[in-house]
Amino acid sequence: MIKSKKTIILISLFILLTVINISAKSRKNDEKRFQLGVGFTASSASVFNFVQSMNMALDKTKGYKGITGDGTDENLTTAAKQSLITGNILGAMQIGFQMRMLAHVFFSELDIIAEPMTNISSGHCDLIGMFDVGIRCPKWIMPYIAVGVNGTFGLYPYNIKTVEGWRDLTNKNRYVNDCLKISFGAHAKVGLDVKFKRFSVGFYCLYLVKDVLNEWTEDLPNYYKELEFVTDNKDTYGTLCFVASQFRLGASICWYAF
């Protein structure tokens, strides 16, 4: 009788340990578990910037000037123009460091991003901090959507009023000095990642407004409506330019600590 009780106890303990072990293993591979990761992001130049660069390549009638050693203008060679276009596209990319938190269906990211040159017309560089929260599908194919806030530290080569003449220059604009500006904005991101146990890689679409106090007023849309190449239907085409100036495509890779 005593041996039977010992046998039953041992069998029960074995079954319990087996269940716990199986549960622990499945938990490690469960995409609903809490995960913390770090990685890198890279996004394209804005769609508007890309279109501007392509116009430079395709426009055969418009001269693009360079400066010679004696200070006179001369038309750029084809090779110089190609270098200018390539440099503009690469310089306007956003490269950043990313920290990501996943918990069940919840999704959160903190990004620190450098943008060496925002676009052709301004040429200023930005350092951007972004924080967003959203929801995801906790599977190996992980679509997600997130919204958040961002802050931009902008350094300009010349006086801000000269570089960005569209600003209304009222109290809505807060400048540290003539060449330095700090602004606050909002963004939305839609992405799709391939998710493994320890890392993920994916692509995303980003709509980024760097300055909600100014870019959501009529000043910036009106600026795009008055551009030289906006000739027909200025309201519609100018609005498309405005939206395209804030839209980017990007990719990210992230490694998870646990």
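Reading guide: rules and limits
Residues numbered from 1 in each chain as written. Predicted model: local features only at pLDDT ≥ 70, side-chain atom pairs only at ≥ 80, totals over all residues. Heavy atoms only, no water. Helix = DSSP H or I, 4+ residues; strand = E, 2+ residues; numbered from the N terminus. Buried < 20%, exposed > 50% of the residue type's maximum accessible area, 1.4 Å probe, protein only. Contact = heavy atoms within 4.5 Å. Areas by Shrake-Rupley, 256 points an atom, 1.4 Å probe, with all protein chains shown as cover. pLDDT = per-residue confidence, 0-100. Core = buried A, V, L, I, M, F, W, Y, C linked by side-chain atoms within 4.5 Å. Polar contact = N/O pair within 3.5 Å; in protein donor to acceptor, adjacent residues only side chain to side chain. Pairing = 2+ DSSP bridges. Salt bridge = Lys/Arg side-chain N within 4 Å of Asp/Glu carboxyl O. Phe/Tyr/Trp six-rings, centres within 6.5 Å; stacked < 30°, edge-to-face > 60°. Lys NZ or Arg CZ within 6 Å of the ring centre and 35° of its normal.

## Here we look at the overall build of the protein
- Within the protein, the secondary structure is distributed over 7 helices and 11 strands.
- Buried residues in the protein amount to 37% of all 258 residues.
- Within the protein, contacts between residues separated by at least 24 positions form 66% of all contacts whose residues are at least 6 apart in sequence.
- Taken as a whole, the protein presents about 15100 Å² of accessible surface, with 70% of it coming from carbon and sulfur.

## Some thoughts on the confidence of the model for the protein
- The share of residues in the protein with pLDDT of 70 or more is 65%, and the mean pLDDT across the chain is 77.
- Long-range and interchain partners of residues 60-74, a stretch whose pLDDT sits below 50, account for 20 contacts in this model, where long-range means more than four residues apart.

## Examining the nonpolar core
- With 13 residues, the main nonpolar core has Leu-102, Phe-107, Ile-128, Met-130, Met-142, Tyr-144 and Leu-206 as its most contacted residues.
- Apart from the residues within four sequence positions on either side, Met-142 is in contact with Arg-100, Leu-102, Phe-107, Arg-136, Cys-137, Gly-191, Leu-192, Asp-193 and Lys-195.

## Section: the side chain of Glu-109
- Of note, Glu-109 is situated in strand 5 (residues 106-115).
- A distance of 2.7 Å separates a polar atom in the side chain of Glu-109 from a polar atom in the side chain of Lys-189.
- Sequence-distant contacts of Glu-109, that is, excluding residues within four places in its chain, are made with Gln-98, Met-99, Arg-100, Met-130, Phe-131, Asp-132 and Lys-189.

## Regarding the pairing of strand 11 (residues 247-256)
- What you see with strand 11 is a clean split: Arg-248, Gly-250, Ser-252, Cys-254 and Tyr-256 sit on the buried side and Phe-247, Leu-249, Ala-251, Ile-253 and Trp-255 on the side with no burial.
- Direction of pairing for strand 1 (residues 35-43) relative to strand 11: antiparallel, over a ladder of 7 bridges. What sits directly across from Thr-41, in strand 11, is Ser-252.
- Relative to strand 11, strand 10 (residues 199-209) runs antiparallel, the two sharing 9 bridges. Bridged to Tyr-204 within strand 11 is Gly-250.

## As for the side chain of Ser-252
- Inspection of the secondary structure assignment puts Ser-252 in strand 11.
- The buried category is assigned to Ser-252, whose relative accessible area is 5%.
- Excluding residues within four positions of it along the chain, Ser-252 makes contact with Phe-40, Thr-41, Gln-98, Arg-100, Asp-193, Ser-200, Val-201, Gly-202 and Tyr-204.

## Points about the pattern of salt bridges
- Overall, the coordinates contain 9 salt bridges when judged by the stated rule.
- Residues Lys-189 and Glu-109 are paired through a salt bridge, measuring 2.7 Å at the closest nitrogen-oxygen approach. In this pair, Lys-189 sits in strand 9 (residues 180-195) while Glu-109 sits in strand 5, placing the two residues 80 residues apart along the sequence.
- One network of salt bridges, with partners in common, ties together Arg-100, Glu-109, Asp-111, Lys-189 and Asp-193.

## Describing the packing of aromatic side chains
- One pass over the full model with this rule turns up 3 aromatic pairs.
- Ring centres of Phe-107 and Tyr-144 lie 4.3 Å apart, and the angle between their planes is 15°; this geometry places the pair in the stacked category. Of the two residues, Phe-107 sits in strand 5 while Tyr-144 sits in strand 7 (residues 141-155), which places them 37 residues apart along the sequence.
- In this structure Phe-107 comes out as buried when scored by relative accessible area, which is 3%.
- Taking the relative accessible area as the measure of exposure, Tyr-144 reaches 4% and is therefore buried.
- Here the guanidinium or amino end of Arg-100 rests over the ring plane of Tyr-144, the centre of that ring lying 5.6 Å away.
- The side chain of Lys-189 reaches across the aromatic face of Tyr-204, ending 4.7 Å from its centre.

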